[in-house]
Structures are given as C-alpha cells and as structure tokens.
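# Inside the fold
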Amino acid sequence: MTNILEVNNVSKFFGGVKANEDISLNIKQGSIVGLIGPNGSGKTTLFNSIVGTHPIDKGSIKFEGQELSTMLVDKIATLGLLRTFQQTKIYGQMSCMMNMKISKKVSNDYSRIFDKLPKELDEEAEQILSFVGLYEKRNLRAGELSFGQQKLLELAMALMNKPKMLMLDEPTAGINPTLINGIIDRLIKINDKYKITLFVIEHNMRVVMNLAQHIFCMAHGKMLANGKPAEIKNDKRVIDAYLGAH
Amino acid sequence: MLSDKKELSGITLIILFGVLSPILFPNYRIQLSELWIFMVFASTWNIQGGKMGYNSFGNIIFFGLGMYLCASTQIAYAFDLAEWTAAGGVKTFVHTASQYFIGLPLGLIIAGLVPALIAGFLGSLILGLRGHYFAICTLGIGIAAGEFATSVSIWGGGQGMTVPVWPKVDGQDLDFLGGGMNFFYTLSFLLFVSTFFTLRWLFSTRFGLILTAIRDNEDKAEAMGIPTMRYKVTGWVFSAFFMGIAGGIYGNINGYIEPTEVAFAGATFGVYMVLMTILGGKGTLWGPIIGALVFQVFKEFFWTFFLGWQLVALGFLIIVIVVFFPEGIMGWLRQKKPAWFGEVVDSKARLAQVKINTND
Amino acid sequence: MILLQAPFLNLQALLDGVMVGSIFALVAYGMALVWGVMNIINVAQGEYVILGGYITFGIYKLGVSPIYGMPFSFLFLFILGYILYRLIVFRVVDKDMFISILATFGISIMIQQFMNMFFGSQVETALTGLGTIFFFDGNITIALVKVFSFVISILGAIAVIYFMRVSKLGRAIRATAQNPRAARILGVDTEKVYAYTYAINAGLCGLAGSLVAMTYTLHPYIGLPYTVRSFMIVIIAGLGNIPGVLVSGLGLGAIEEFSAYLIGSEFRIGVIFSLLVIILVYRSKKLAKKREYLK
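Residues numbered from 1 in each chain as written. Chains lettered and ligands numbered in written order. Predicted model: local features only at pLDDT ≥ 70, side-chain atom pairs only at ≥ 80, totals over all residues. Heavy atoms only, no water.

As a further point, take the overall build of chain C. When you go through chain C residue by residue, the secondary structure sums to 12 helices and 2 strands. The linear arrangement of helices and strands in chain C, starting from the amino end, is α-α-α-α-α-β-β-α-α-α-α-α-α-α. Summarising its shape, the C-alpha atoms of chain C cover approximately 65 × 55 × 35 Å along the three principal directions. Within chain C, buried positions represent 56% of all 295 residues. (Helix = DSSP H or I, 4+ residues; strand = E, 2+ residues; numbered from the N terminus. Buried < 20%, exposed > 50% of the residue type's maximum accessible area, 1.4 Å probe, protein only.)

Following this line, the structure appears as structure tokens:
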C-alpha cells in the first residue's frame, strides 16, 4: 500500500506562535485516518498547510509523490486533494443543485470555460444529494440550510468533484446525533465503494474510533502519538493531553 | 432567472421600443441613444458588480479610452491627429464620405479591442484585490485616467478635441439612414442588443455560474480547484470590449471629447452605472436594463425641472435606492411575484428532514 | 538629478509637505475612527473638510479673522455629522460596506452642490494676515499660517486622542470599536456611540477644513482628493496605528509637494490617485506571497 500523502517535518509559525512544529505523518492510499487533539493543537492549521491555504515555514508535503508546498490552493485541488471546512463554506445564494453542478471537476481551459452545463449533471447531482440525505432540499438556497445540513452539502460537493483524497474538518460537528450513524455509514461507503482516502479531524471520539483505521494525535502544535484506535484510546499521553488541556 | 415567456415579451418590447422610439420621439433621439448606452454601462458593470461581487468604480476607463481611440482613428485615417487638435478639428478639416465611413468602423474596432487588451493586463494586477479595496482602487484608476488624459496634448489636453462630423454632400447632410443622428442612434441600439445577447449567452454558461460562485465564496471556489483569476480577468475583458465601443459611439454623438467630463467621467457616468444596476437589481440579466431605463427617466426629469439642484436630487435618490432598495426593482419583484421567476416557494423542502438511507 | 542639485528646493518641499501633511493626518485620523468603530468608509469626508473651510471663510467674509472661525467650523460640522448620522448613516451601519460607500457618496454630492450654490464656484481663501518668514537669504519661505496649521493639526489630534483615553464617551467608543455586542451587553448605547463618533469625525474634518481655508484654497468640488488621501493614509498605516497615521500623513504631504515641484502641480490629483493604485497593488502582491489578501 503506497502512501498517498507524506508530510515531513512541517512547521508553521504565526508570528511567535508555533502552530505546527515539526509535524510528520504518512497516510496510506485507501485508508481512513483520524486526526485528534485538544482545541488549539494545530489540527486545522495542518490541514491548511497541506492544501496550500498558507505557505509553510519548513518541511515538505507530498501528494502522490508531488510536492505541494509550493503550489496554490486551486492547483492542489485539481490534483485530487479536497478539503471541507470547519466553518462551512458553500455558495450561499445559489441553490444546492447549483452548488453541486459547479463542483464537478471540469477543464478550465479557455476553450472550455464557455461550455454549458450538461443535462447529465442534474442526475449525478441528485444522486449524490440523495446519498447524503439532502435530496428533498435540493432546490433551496444553500444559505438557507442549517449548519449541519451545510456540512452535508459540502461533503456532497466534494464527492461531485471525485477526489482521490478528502480531508474533512469536523464532519459531524453540529449534526443531529441521530444522523451521525448515517454519516459514519456514508463515510465508510465513500472510502470503500469510491476508494477515496479519508483524513478526518474529529472531536467526537465515538465517531473517530468507529471510523478510523489509524489515528494521529496532536497537542500544542506537535505530533503527540499515533497508532490504531485501540492503542490511542489507552495512550496515557493522549489522555493527559485532553484532560490537561483545561 | 425570468421565466422564458416573460423574457420573450421583454425582448419583444425592447426591440419594438428601439425601432419605434426615434420615429415617435424624434426630439429625444440623443436621450434615447444615451439610454441604450446607459444600458450597456449597467449591463457590463453587472458582470463585475452584480454577478461577481466586485464593485468597480473604474469601468469608465474603457469607455473613455474607447472614445479617444475611436475618434483618433477616425481622424488619423484622413489627417494628422496633432494638426487636427491644434487647428480646432472640425473647423479646419472636413472628412469626405468615404474617409468617414472607413475611419468610423476602423475606429470602433480599435475602440473595442484595445480596452479589452488593457483589461486583460490591468485585471491581472488589480483583480487580486477584494471588496472595498478593489472598489477604491478602481475609483483611483478612473480618476487618475481622467487627470492624465488632461495632459495628453495630441488629444487636446484639458480643452478636449472635436470628433469628425457627419459628411455633407453639396452642403446637405448625407442622407444615409436619415442622417447622423439616426445613424448613431441605430449604432447605440445595435450595440446594446449585441451586448444583451452576448451577456444572456455568457450567463447561461458555466462561466456565468462561476462568476456567481466567486461572489458567494471565492475561497471555496479556489478550494474546489477553480482558477478564479482567469474568470475574473476574462469577465473584465468582456466589459471592456463593449464599454470601449460604447465610448466610440458616444464620442461621435456628443461631437466633442473632454477628458474628465465626457470621456473618463468617473464622477458621473462611472457612478451612474453602479446606481442603475443596483436600482434595477444587480446580479440579474434584466435588472441593469430596467435600472438604466428608470434612472435615465429620473435623470432627465431632475435635469429639466431641478436644474441647479439636480445633484442634490440625485444624491437623495442614491441614498433612497441604496438604503431602501438594495435588491433593486428585480429583487422587489422577486418577492412579490416569485412565479414570474419560475420560483416556487417550497415550504415542503424547507421543512423536510435530512434522511440518510443506509441501504444505498 | 534635479533633487540632488537643489538642496533648498528639497528643504522647501519637505517643509511644505510636512505642514500640509499634518492636515491630511488629522482628516485621516477621523476616517480611521469612523472606519474602525462603525466599519464605514465615509466618502463624504472631503466634503466635510471643504464645508468646514467655507464656514471659516464665511466668518472671514464678515470681517473677523478666520482664526476665530475654527471653533465654528468644528461645531457646525460636529452638529451636521450628528444629524446626518441620525437621519441617514445609521441605516447603513450594519449593512455591506459597499452600501455605506454609496450612501455617503450620495451625501457627498448633495453637499457639493449645496456648497456650489451658497458659495459659488470660484476658488476662495481666507486670509489670516500672518506673515511669512524667510530663511537662507530668501531661498526658503515659510508662510506662518502653514506653521499655525501644523501646530493646530497636531494639537487637535492630541486633543482627540486624549479625549478617547480619558473621557467616558471616549472609552465607550473604544469599547464599541473592539466588540459592539459586548459593549451593548455591558450597557453601552452603541447607537449613541456611533452618532458621536461620526460627529467627532465630522468636527475634525471641519477643523481641518478651517485650516485648509486659511492655508490653501477652497472650491466646492475639491473634496474627493481629501477623501482619497485620508483613505490612503489609513490603509498604509493600518486602522489602530495612530503614530502611523501621523507619519503617513506627513509623508504623503511631502510626496505631493515633491511631485508638484518635479512634474507640475496640475498633476497633483493624478499623482494622488495613481499613488493610491500603486500602493494597493503593491500591498496585495506582497500579501499574495503569503497567500493572503487585504481585508
């Protein structure tokens, strides 16, 4: 099993704050990997570093062998690495269907930018919206959805783009607890059926333990521990990090 | 998006109005020409301001540049431009019909292409700015362009320059289409019609949708792999092209070009285009058109009956529009008659629960 | 190069620049205040300045020394600012910034035309009768009125800053600037704060305008350059940076004077606006290296 993502000694500073210090991790293609850690440990910063939202200060990030740290956000996305946001980002004034149709991965060559959206997109969009449970709401403005529903829309939009790897920032936060089992089921299906590698930041321990095959734990900007869910659950350092984070 | 039937009636109305109005209101042909030019102003501004969310106060530079370039081409085709300006233009030099009717289309083509190229270059520099920074930067460009044009002596500097007049044959105006006034009215109307159909097509493509995506969440668009700069700049190139030609036509209608009041009229036209679009409803195809119509009516009214106070009335109108009707006439219509837009207020969709079928 | 060969010209330009720049800094401070507290870019800023100038000019026309016009200019604009806030501006405070730009633009053109009607469109100055002093055998001339303006600008800025630090209203304004919701919860009447902030800004512009009337010239339609200058200074210095506003103001004044000497004063306006564009493009390109953008 090859590594689809390799993060080597990545550091990111914001002024004097060491948001990420010497982070290294590898993610195997086709796996589901969790990223946990108390608030402020630098998880979202790491995500931002990987997808190019900000440049990194030290280290290297390779996706399928390609160095990402010098690339811009949109280029990285076209390579097949997508992320969803903790504070949902969707196209608020457009309908859910439009959000979906715009998310399809197409060529941005000058010769293609004036193409019309094909009719088949509608069907594909409806299918995926149905998959995440938003079919009934497909014609509503995305801005009218609740926070949890927007999270689902973001997931659907990402699927529409057919990524190779999907980085999810707290996918179940703000979601009705009864729905969470459905989400876990969807994520496992996405990974299994569509062979999309998942890298998931989560605070909900039940979700992480049931979902991830491997877990990384961060604290204070550094990588603290990593291993299988069962190992991490009992790792004293991890427990201390969470309890001591008050 | 207006429903197809409503749109068809709208288009028919416009065409009828365009063809009949100069015949019915021959004394208002200048204002009518101006109306079509205003519609081009608003419709093209709408690409940046309405669809894309980039409020530009600088689109006027393409208008002004097109105006000067068209006139310069028309003149330079037959005479020496510097001599023309120095000798008071039309007072000394007279175009023959053939010179005129070759110089003019040449001028209009250049008036369209050069601003489009400049938009491509300038856009790559300043379309990285966002929000109010973009707005103020374009304001700066708009005003600076006017100020610098004031120093270009070959264009007559601060005094401006005259534009070639409609050719005469045996002392009478050449009777082509009924004379210069009709000719340029027709050009203005045709320009508007081509702008309208181009934009209608543009907004129906993926390109149009991406502009809206950029407006709603530019960061998300980038995160989804869209090279946003490409779309922003291309949109500006479209605007520049039509604005440039509009400038060329307007210069001919006006008869003379003055750098800050006529060509790079940032404080008047530059702001009007924003107001007209907001008044009509920004982001929609018909909003700018309705807005331009209503605005032109108000403007003529103010300038006729409130002369001396017309700017006060205009300022007041701006405040009223902006405070009470930020969604414009189209926005207001959308609330009142959603059926016209093919929108069904679906409370069923709003109340629906999210259902994940785990057997899928 | 001409600059190096003419040390007196340099010094003259520098002195003139710093003295006019102090007025710019005063206006910029007011703009930063309104921007920082209410998130509004007051496009009518320049018109408030010119109007303040006309008030002082009016006093001068009555035979009184324009120096006594300063408090009247401040007060008139303070009250006008308060009224305009309560009538118009409060409606756009919580909306998109672009809406407030347009709304204040509407106010600005109304004021422009009022000024044109009441004061006419000829260029005016209010003469103070303060002399000129000469240095270096007449190679450097300093109009004392410019020195006076400089001193008043600095004092005015200090007065407002002190007021902000010490007075109850000042503290309420600073609290609201930092967190309006929290301020409201703690009992601050934010609408009142906004109204007084806008009024103070207008008053400052009025005072600056009074100085402009005495030191330079007035015309109904030269407000916009003052607006643009203050905007530029604020974006160079940054919103909370008071000393930065002063330095940038003085610097901008100096640049304007130097460019007036080098390429002629008819390009003054063109230079200001071009500078604005260059600064913005430069700033954004620099931030783009960090993959950020101007907020």
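Don't stop here, the text continues.
Another point: the overall build of chain A. Within chain A, the secondary structure is distributed over 9 helices and 10 strands. Computed over its C-alpha atoms, the radius of gyration of chain A comes to 18 Å, within 12% of the 18 Å expected for a compact globule of 246 residues. Dimensions of chain A, computed from C-alpha atoms along their principal axes, come out at roughly 55 × 45 × 35 Å. In chain A, which comprises 246 residues, the share counted as buried stands at 54%. (Rg over C-alpha atoms; globule rule 2.2 N^0.38 Å.)

Note on pairing: side chains with opposite charge can pair once their charged atoms come close. Under the criterion given, the structure shown has 24 salt bridges over all chains. Between Asp122(A) and Lys101(A) there is a salt bridge; the shortest N-O distance is 3.0 Å. Here Asp122(A), found in helix 4 (residues 120-131), pairs with Lys101(A), found in helix 3 (residues 96-103); they are 21 residues apart in sequence, far enough to count as distant. Through salt bridges that share partners, Arg130(B), Glu218(B), Asp219(B) and Lys232(B) make up one connected network. (Salt bridge = Lys/Arg side-chain N within 4 Å of Asp/Glu carboxyl O.)

The next point concerns the side chain of Thr190(C). Locating Thr190(C) in the fold gives a position in helix 9 (residues 190-215). In terms of polar contacts, Thr190(C) uses its side chain to reach the side chain of Arg184(C), at 2.9 Å. (Polar contact = N/O pair within 3.5 Å; in protein donor to acceptor, adjacent residues only side chain to side chain.)

All right, on to the interface of chain A and chain B then. On the side of chain B, 41 residues touch chain A, which itself brings 48 residues to the contact. Here chain A meets chain B over a buried area of about 3800 Å², counting both sides, of which 60% is carbon and sulfur. Looking at the side of chain A facing chain B, the largest losses of area belong to Tyr91(A), Asn108(A) and Phe114(A), adding up to 17% of the total buried there. At the surface where chain A touches chain B, the tally comes to 1 salt bridge. Lys220(B) is the partner of Glu154(A) in a salt bridge, and the nearest nitrogen-oxygen pair spans 2.9 Å. Counting across the chain A and chain B interface gives 11 residue pairs in polar contact (both at pLDDT 80 or more). Secondary-structure elements contributing two or more residues to the side of chain A that touches chain B are helix 2 (73-78), strand 6 (81-83), helix 3, helix 4, helix 5 (147-160) and helix 6 (177-193) of chain A. When residues of the side of chain A that touches chain B are assigned to their parent elements, the largest contribution, 6 residues, is made by helix 6 of chain A. Among the residues making up the side of chain A that touches chain B, the classes are represented as 23 nonpolar, 11 polar and 14 charged. (Contact = heavy atoms within 4.5 Å. Buried area = accessible area lost by both parts, 1.4 Å probe. Nonpolar A, V, L, I, M, F, W, Y, C, P; charged D, E, K, R; others polar.)

Moving on to the pairing of strand 1 (residues 3-14) of chain A. All names here are of chain A. In this structure, strand 1 lies alongside strand 2 (residues 17-28), joined through 8 bridges in antiparallel fashion. Across the sheet, residue Phe14 finds its bridge partner in strand 2, namely Val17. Joining the antiparallel neighbours strand 1 and strand 2 is a turn of 2 residues, in which Gly15 adopts a positive phi near 65°. Pairing between strand 1 and strand 4 (residues 58-63): 5 bridges, direction antiparallel. Considered in strand 4, the bridge of Glu6 is made with Lys62. (Pairing = 2+ DSSP bridges.)

This part is about the packing of aromatic side chains. Counted according to the given criterion, the structure contains 55 aromatic pairs over all chains. Centre to centre, the rings of Trp166(B) and Phe184(B) are 6.4 Å apart; their planes meet at 75°, and the pair counts as edge-to-face. Of this pair, Trp166(B) sits in the loop between strand 1 (161-162) and strand 2 (168-169) while Phe184(B) sits in helix 7 (residues 180-204), placing them 18 residues apart in sequence. By the burial criterion, Trp166(B) is buried, and Phe184(B) matches it. Ring centres of Phe24(C) and Tyr226(C) lie 6.1 Å apart, and the angle between their planes is 70°; this geometry places the pair in the edge-to-face category. Linking Phe24(C) in helix 2 (residues 7-38) with Tyr226(C) in helix 10 (residues 223-237), this pair joins segments that are 202 residues apart in sequence. (Phe/Tyr/Trp six-rings, centres within 6.5 Å; stacked < 30°, edge-to-face > 60°.)

Take the nonpolar core next. Of all hydrophobic cores here, the largest spans 251 residues; its most connected members are Leu153(A), Phe63(B) and Tyr48(C). Per-element accounting of this core gives the leading share, 15 residues, to helix 9 of chain C. When residues of this core are assigned to domains, at least three fall in each of domain 1 (1-80 + 163-246) and domain 2 (90-106 + 118-162) of chain A. Ignoring anything within four residues of it in the chain, the contact list for Phe63(B) reads Ile37(B), Phe41(B), Met243(B), Ala246(B), Gly247(B), Tyr250(B), Val262(B), Ala263(B) and Phe269(B). Counting 27 residues, the second-largest nonpolar core is a separate cluster that includes Val51(A), Phe63(A), Leu68(A) and Met218(A). (Core = buried A, V, L, I, M, F, W, Y, C linked by side-chain atoms within 4.5 Å. Domains from an automatic or database assignment.)

This next bit is on the interface of chain C and chain B. Every contact between the two is made by 40 residues of chain C and, on the other side, 41 residues of chain B. Together, the buried faces of chain C and chain B total about 3600 Å²; carbon and sulfur atoms form 81% of this surface. Looking at the side of chain C facing chain B, the largest losses of area belong to Phe98(C), Gln113(C) and Tyr293(C), adding up to 17% of the total buried there. Taken together, chain C and chain B are joined by 0 salt bridges. One can count 8 residue pairs in polar contact (both at pLDDT 80 or more) joining chain C with chain B. Contributions of two or more residues to the side of chain C that touches chain B are made by helix 5 (97-119), helix 10 and helix 12 (268-289) of chain C. It is helix 5 of chain C that provides the largest number of residues to the side of chain C that touches chain B, a total of 14 residues. Tallied by class, residues from the side of chain C that touches chain B come to 30 nonpolar, 5 polar and 5 charged.

Residue and element names in this part refer to chain B. A surface patch of nonpolar side chains, amounting to about 1000 Å² of accessible area, comprises Ile15, Leu16, Phe17, Val19, Leu20, Ile23, Leu24, Phe25, Tyr28, Leu293 and Val297. Among the secondary structure elements, those contributing two or more residues to the nonpolar patch are helix 1 (4-24) and helix 12 (287-305). One can find Leu293 in helix 12. (Patch = residues over 30% accessible without salt bridge, like charges linked within 9 Å, V, L, I, M, F, W, Y side chains within 5 Å. Areas by Shrake-Rupley, 256 points an atom, 1.4 Å probe, with all protein chains shown as cover.)

Quick look at the sheet that holds strand 6 of chain A now. All names here are of chain A. Pairing in this open sheet of 6 strands is mixed, and the strands run 6-7-8-3-9-10 from one edge to the other. On the outer flanks of this sheet lie strand 6 and strand 10 (222-227), each paired with one strand and no other. Direction aside, neighbouring strands of the sheet carry axes that sit 15° apart on average. (Axes fitted to C-alpha atoms, helices over the stretch in contact; angles between N-to-C directions.)

Purely geometric numbers; function is a separate question.
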